[in-house]
Amino acid sequence: MSEWTPDLARLQALDDAEWLAVERAFCGRLAAYVARRIPDRSAREDVVQEAFLGAVRGIPEFDPVYTFEQYLFGIAKNRTIDWLRRQKAMTLGPRGEDDEGPGIETLAAESETPSAIVRRSDLARAGGELLLGVLKSWVQETWGEGEFKRLMVVEALFAGGWRNRDTWKRFDLRDETSVAGIKFRALKRIRDLARERDPDGVLLHELANALEEGRGAPRIDVGAVWREGRASCPGRHWLARSLAGTLDSGPAEYVRFHVEEIGCEWCQANRDDLARADGHAALAPMLEKVEASTVNYLRSRTAR
Ligand SMILES: [Zn+2]
């Protein structure tokens, strides 16, 4: 079961109907993402509206390394940070020291990682792309084998930055050596997968630095690539089945771990949206506003 994805060529041609379909499909999850961070209802609507406008404006530069949902969420995140910063400046004045609110700096620091990866160098960027592809394959393979504990352990270490000791206790493993063993085997497999995709080994050196501890400052941040690239995010239908309680224990435990313990903000937004008690009727006013502003913009661009 795959999810609807928009036709990129039609979006880039500024096709009204395709953009409106995008808004209907994604408004709920964007609103859910913003709702966790911005308490004010009308401000939330503005931020969602700005995010969609930003998506329309930026579509000529869409980078196909990312999925369309990642692209949209990335813009929503930046608009959210902008709003929180403006709010902070207004309430605290120029010399405000108090840092209240939902961790703007953490949010901002995280949001800088993908572009930072891009800026570093072409080689590091290509290495990051290779790594993301390989991580996704590894996740798929591990999921297919039903090895959910292994998946959770490796995700905890790589994406969550957990220490061996905490990981061992959380997953009832024998001792720290078991954690190290799981990590060792996962790294070996990840390297093999990388070699298959990069037979000349041009990028393997970059990756080796990133994957092995104590080899100097790596230019690729594995945790950032995993989180920002959403290497292990389950599709929306898995989240729906998790909410409905229709998953087997393995995937059910994994989805819960990913959303709650790793705290994946994108999957949280999708789940909040799916769990919306009042149904999508409550979104209608926001959607209307978003659609009106987009149509306005599209008319102004295509009328010339
Ligand atoms: Zn996720």
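So, here's what we can say about the structure. As the structure is a computational prediction, the values presented were derived from the model and not from experiment.

## Thoughts on the overall build of the protein
Secondary structure assignment for the protein yields 16 helices and zero strands. By the burial criterion, 47% of the 304 residues in the protein qualify as buried. A separation threshold of at least 6 residues defines the contact pool for the protein, and within that pool the share at least 24 residues apart is 68%.

## Description of the nonpolar core
Trp 19, Phe 52, Phe 68, Trp 138 and Trp 226 are the most contacted members of the largest nonpolar core, which totals 84 residues. Here this core takes nine residues from helix α2 (residues 16–35), the largest share from any one element. Leaving out residues up to four positions away in the same chain, Trp 138 has contacts with Arg 150, Leu 151, Val 154, Ala 186, Arg 189, Ile 190, Leu 193 and Trp 226.

## With respect to the coordination of the zinc ion
Coordination sphere of the zinc ion, protein contribution only: Cys 233 (SG), His 258 (NE2), Cys 264 (SG) and Cys 267 (SG), at 2.0 to 2.3 Å. Taken together, the four donor atoms coordinating the zinc ion and their angles of 104 to 115° define a geometry best described as tetrahedral. Counting the intervening residues between successive donors of the zinc ion yields the motif C-x24-H-x5-C-x2-C. Taken together, the residues span a long stretch of sequence, with Cys 233 in the loop between α12 (222–228) and α13 (236–244) and Cys 264 in the loop between α14 (249–261) and α15 (265–275) at a distance of 31 residues. By relative accessible area, which is 9% here, Cys 264 ends up buried.

## As for the environment of Ala 76
Following the sequence through the fold, Ala 76 ends up in helix α4 (residues 68–92). The class of Ala 76 is buried, set by a relative accessible area of 1%. Taking the C-alpha atoms as reference, Ala 76 lies 8.1 Å from Glu 50; in sequence the two are 26 residues apart. Excluding residues within four positions of it along the chain, Ala 76 makes contact with Leu 30, Tyr 33, Val 47 and Ala 51.

## With respect to the environment of Gly 127
As for its position among the elements, Gly 127 is in helix α7 (residues 122–144). We classify Gly 127 as buried; its relative accessible area is 0%. For the pair Gly 127 and Leu 203, spaced 76 residues apart in sequence, the C-alpha to C-alpha distance is 5.5 Å. For Gly 127, the residues in contact, after removing those within four places along its chain, are Leu 203, Leu 207 and Ile 220.

## Observations concerning the packing of aromatic side chains
If you walk through the whole model with that rule in mind, you get 16 aromatic pairs. On the numbers, 6.3 Å between centres and 80° between planes, the contact of Phe 158 with Trp 226 is edge-to-face. Placement of Phe 158 in helix α8 (residues 148–158) and of Trp 226 in helix α12 is noted, with a sequence separation of 68 residues between them. In this structure Phe 158 comes out as buried when scored by relative accessible area, which is 13%. Here the aromatic residues Trp 143, Phe 148, Trp 162, Phe 171, Trp 238, Tyr 254 and Phe 257 are joined through ring pairs into a cluster of three or more. It is Arg 241 that lies over the ring of Trp 238; its NZ or CZ is 4.9 Å from the centre.

What counts and what doesn't
- Residues numbered from 1 in each chain as written.
- Predicted model: local features only at pLDDT ≥ 70, side-chain atom pairs only at ≥ 80, totals over all residues.
- Heavy atoms only, no water.
- Helix = DSSP H or I, 4+ residues; strand = E, 2+ residues; numbered from the N terminus.
- Buried < 20%, exposed > 50% of the residue type's maximum accessible area, 1.4 Å probe, protein only.
- Contact = heavy atoms within 4.5 Å.
- Core = buried A, V, L, I, M, F, W, Y, C linked by side-chain atoms within 4.5 Å.
- Donors = N, O, S within 2.8 Å, 3.2 Å for Na, K, Ca; no water.
- Tetrahedral: all angles 85-135°; square planar, octahedral: opposite > 155°, others 65-115°.
- Phe/Tyr/Trp six-rings, centres within 6.5 Å; stacked < 30°, edge-to-face > 60°.
- Lys NZ or Arg CZ within 6 Å of the ring centre and 35° of its normal.

Honestly, it's all geometry; don't read function into it.
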